[in-house]
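# Structural description and commentary
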Amino acid sequence: MIIIFGAYSYHTIPKQEYPEVPAPAAMITVIYPGASAEEVEILVTQKFEEKLTELRNYDYTSSSSLNSAAAILLVLDMDISESELDQSWNELYRMIEDIKEELPDGIAEIDINTNLIETTGMLIGLSGDGYSYEQLVSYGERLKNRLVKLGGIKRFDIIGEQEKEIKVEVDLKKLDLYQLSLSQISSILAAQNIQMPSGNIQDEKMKFYVNQEGLFQTLDEIANSIIDIREDKMVVRLKDVAQVYMGEKDSNYKIRNNGENGIILVGYFKGDLNVVTAGKEVRKVLEDFKRELPPDISIDEIVYQPDEVAKSVDHFSANLLGGIFIVILVIMMGMGLRNASTVSFAIPLSMLITFITMGIMGIKIHMITITGLIMALGMLVDNAIVVSDAIQNKIDEDIDRLTACIEGTKEVAIPILSSTLTTIAAFSPLLFLPATTGAFIGGIPQMIIISLTASYGIAILITPLLAFLFFRKSRKKEKAGKVKGAFEKLLTLGMRYKKTTLALAFIILVFSLSLSGVLQQQLFPKSEKDMIYIDIQTEYTSNIDKTDGLVKEVEAVLGEQPEITAYTSSIGGGLPKFDLSIMPQSNAPNLAQIAIRVDLEKGGRFKSNEELVRELQQIYDKRVIGASVIVKELEVQGGLGAPIQIRIKGDEMEDILSAKEKIKEALEDIEGSTNVRDDLPQLDYQFKMKVDSNKALSYGLTKYDIQKEVNLALMGRKATIFREKHQEYDILVKGDIKKLEDLKNLKIKSTTGLQVLLKDVADIRFEPVIAQVNRYEGERAIAVQGEVLPGYNAIDVQTVLEEKIKDMDFPGVTIIPEGEKADLEGDMGNIGIAALFAVFMLFIILMIQFNSVVQPGIILVAVPLSLIGSMIALVVFMQPLSLFSILGVVSLMGVVINNAIILIDYINDQRKEGIGIESACTKAVSARFRPVVLSTTTTVFGLFPLAFFGNDLFRPMAVAFMGGLMVSTLLTLVVVPVLYSLIESKIEAFKENYRHKKLKVNM
């Protein structure tokens, strides 16, 4: 039953590449048409910032105020739980409703995105030379309609569509001849395109409804609309003063696929389904659809998550199977074929029970959970080894097999339960890490706890049964091996020089800890996907055409590289979030992003994405002017900013700018830094119009009259709607102003019928303006950002930068270190707290088991001993001190003390039989040497594939775990008995002296 249900659960459990990580952050976007950046800051951004501080679990806000828009990033406390996060978002939505009442009337839209971490399951590009956007969208809709019918698709969006509208482009000079205004044109069109219910006519027998045809039917009908009848009976039609045609709306967002105008279909998979299985269904639909397309339309899979998930799961499953094979091989070498087969049976059974539990609890299969299983692999046989060893000893003592199985299991049931509980206790605090970190790494402790619990049940219930069926009396006694003999001699020497032994162990510990300064620090490694991307920010904050031109320059370079197989560009903002490490961008005319597919084997020039990225960056640094072009590798998980980042905030902009220049200069001087920049945009320029109110009123004009007509002339206004073939198109009335002189000569009709030139009532000047205002925690702020060259480390560079900053004087500003260094320190702090809580739980469990306060302390000595091996292993194998290497060190706690528990438990049993302390210690090492070494060996070799053939993310963890466990086990066999002997001898001597004193007092 276990095999059947376990296999079924594995097949049906949803499979993903990464776990779903809740982000305690939200992006609030507010559209305020026509407002300057400074007006948006005062009227919109500040009001949001003040109100948001009242939100529970509020941490900080970071905002950008631009012309006509505000983008406010709200970040909550990183220690927040998932349930608190949901409550905070509900409170946020209610709060936004309250804020709306304080905002100006012109607010067009407020968008709240509380799911910044949602990643697309697929990006499918559709493009074709000579095809209009309308045609491409038509094909896209057909594909979308087929895909949404599949069970695994949550939703599908089409982006890059360029909407159409009816443009009424008025020739203002002709309009002046008839003394008409743009407002009149707009009003006439609205009045002429109307259809109202007319009622009905009822006679004695029937009721007839009256329907009027009042809507425009064709473009010619619009063009022939009468806009005026002159005194000479001359009819003036719209076509006499304007061009009427169907055109594309002015867009601030465009898509290109491989240099051709195109669209993107963005798909999201349901979270409760197997992405790999759903992906196969999608792939079949795509292949069928491709055959129906014209040959000159391209359909490209820019991002296809099912392939990545399948590749990731297959890779980690191969590591898992390799680990299982190695563990079984090690057991066979240590126990013989018959006993090893019995013990090894615990591995597949524990795994299958784990899969069943995962299915029940809704835990998904991804690289983190599979890694947890790999880490638990060697530990799954530990309990079975101890039980089988105890049973085999009983059988060798000529006890019948049934009694041997029962007595042997009873003998070790409590010790291995304690051992299992201590391991579970060590991992349990990792389940309660803050939402973001906990959700990402939580699969590891979950898998270890579930599988170890299953392995204990199997060791107690299944292993004795198999032993009864297959175990036989050993034919020959076990010979003492050279390694065991060496340890016995080493223990004898340690017992002779106890204090020296302990002092030497302490010195080695201090030395190994000092090696941490040699290790590079790293938050997350780069991703191994065949994809890179480019972030582009131009100096032209309000000109998307300039951005488009610069993106074409960037694309031209990509077309020259043989390693680049495909690329997709978004102009006017970022692409939909296509990887976990990428933060979604707000749309802005000066932003662009390019996702690039690479195949390094095609060019043969580069061995890694890192080398290709460096080459492209050098090319763009030389060729592209007027924009920041940054080529990036994907990472396993990203943060909210750049790898190197310093935030400067204050009240006075001059102080902030001064500090910014000093810090940028300091960062540029540090070896290894590159792409040093800040997020302060270049000054923009605009025509500023100041109305002379007195003059305007003397002509019968108000400011509203003037602003309305200027707005109509420049931006245009939706007059009404044109319906055609079940589609609705806006009818936009707009002037034909091309230059400043045209604007100055714009005639505005007053209430008295007088036409007044704009230059007669307003002064128009060309002047610089602030195009973007950045704020942080309610104050104006600038972030200095940077990357690192290949071979250098962002955390090391930032550490040097922060040391330089300490020696600088920055009056009037606050310096806030951010970037990877701050993220790593925060995560390490959380894991450190979890480690302290784990030690406390271990101490309580051991104190209850041994009924002693001293002996748990002796056992816990194994924990710092593991640091020796971990640090040395990280240095030898040149692995970084990362989040996951720290996790490997913390994970060791519950494992390394198991060996000490086995030794202390045996020593105590021997002492109860009247054996002296030192003799009991020596005998314990001799008797428990094989199970201790064998269980350690299985755990270490089970991690071998992960450490040497696994992902860069988990390699430091596996290396730290293996090194720490090996060295800790070897030192535990000497140091723990020596420390036990030293302390217990002192306690015995104290008790003996106390008894003598008590006897003297009684005499």
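Residues numbered from 1 in each chain as written. Predicted model: local features only at pLDDT ≥ 70, side-chain atom pairs only at ≥ 80, totals over all residues. Heavy atoms only, no water.

The name an unreviewed UniProt entry assigns to the protein is Acriflavin resistance protein, from the organism Geosporobacter ferrireducens.

## Observations regarding a nonpolar patch on the surface
The following threshold applies: A patch consists of residues exposed above 30% relative accessible area that lack any salt bridge, with like charges linked at up to 9 Å and nonpolar side chains (Val, Leu, Ile, Met, Phe, Trp, Tyr) linked at up to 5 Å. For every accessible area listed, the method is Shrake-Rupley and the probe measures 1.4 Å; residues are considered covered only by the protein chains on display. Salt bridges, as used here, are contacts in which a Lys or Arg side-chain nitrogen is within 4 Å of a carboxyl oxygen on Asp or Glu. A run of H or I in DSSP counts as a helix once it spans at least four residues, and a run of E counts as a strand once it spans at least two, with each numbered from the N terminus.
A cluster of nonpolar side chains, namely I872, V876, F877, F941, F944, F948 and F949, defines an oily patch on the protein surface of about 620 Å² accessible area. Elements with a contribution of two residues or more to the nonpolar patch: α30 (862-876) and α34 (944-949). Broken down by element, the nonpolar patch gets its largest block of residues, three residues, from α34. When you line up the elements, F941 lands in helix α33 (residues 917-942).

## Side note on the domain arrangement of the protein
Reports of interface size often rely on the accessible area that becomes lost once the parts have come together. Test applied: These domain limits were set by an automatic method or by a database of domain assignments. Every residue pair with non-hydrogen atoms within 4.5 Å of one another is taken to be in contact. The quantity reported as buried area is the accessible area (1.4 Å probe) lost by two parts once they are put together, taken as the sum for both. Side-chain atoms alone can form a polar contact between residues adjacent in sequence; in general such a contact is a pair of N or O atoms within 3.5 Å, and within protein one must be able to donate a hydrogen while the other accepts it.
With domains assigned, the protein is organised as domain 1 (22-116), domain 2 (164-197 + 207-248 + 685-770), domain 3 (336-477), domain 4 (480-518 + 852-1002) and domain 5 (528-632). On the domain 5 side, the residues contacting the four residues of domain 1 number five residues. At the boundary of domain 1 with domain 5, total buried surface from both sides reaches about 370 Å², with 62% on carbon and sulfur atoms. On the domain 1 side of the interface with domain 5, the three residues burying the most area are M27, L66 and L116, jointly 71% of the side's total. At the junction of domain 1 and domain 5, the tally comes to zero salt bridges. Taken together, the connections running from domain 1 to domain 5 amount to zero residue pairs in polar contact (both at pLDDT 80 or more).

## Thoughts on the pattern of salt bridges
For the structure shown, the criterion picks out 45 salt bridges. Residues E165 and K167 are paired through a salt bridge, measuring 2.8 Å at the closest nitrogen-oxygen approach. It is possible to trace a salt-bridge network through shared partners that takes in E38, E41, E49, R775 and R780.

## Considering the environment of F487
Under the convention used in this document: Burial classes follow relative accessibility: with a 1.4 Å probe on protein chains only, a residue under 20% of its type's maximum area counts as buried, one over 50% as exposed, and anything between as partly exposed.
Of note, F487 is situated in helix α17 (residues 482-496). Taking the relative accessible area as the measure of exposure, F487 reaches 12% and is therefore buried. Taking the C-alpha atoms as reference points, F487 and S926, separated by 439 residues in sequence, lie 8.8 Å from one another. In this structure F487 touches F929, L970, L973 and V974, once residues within four positions along its chain are discounted.

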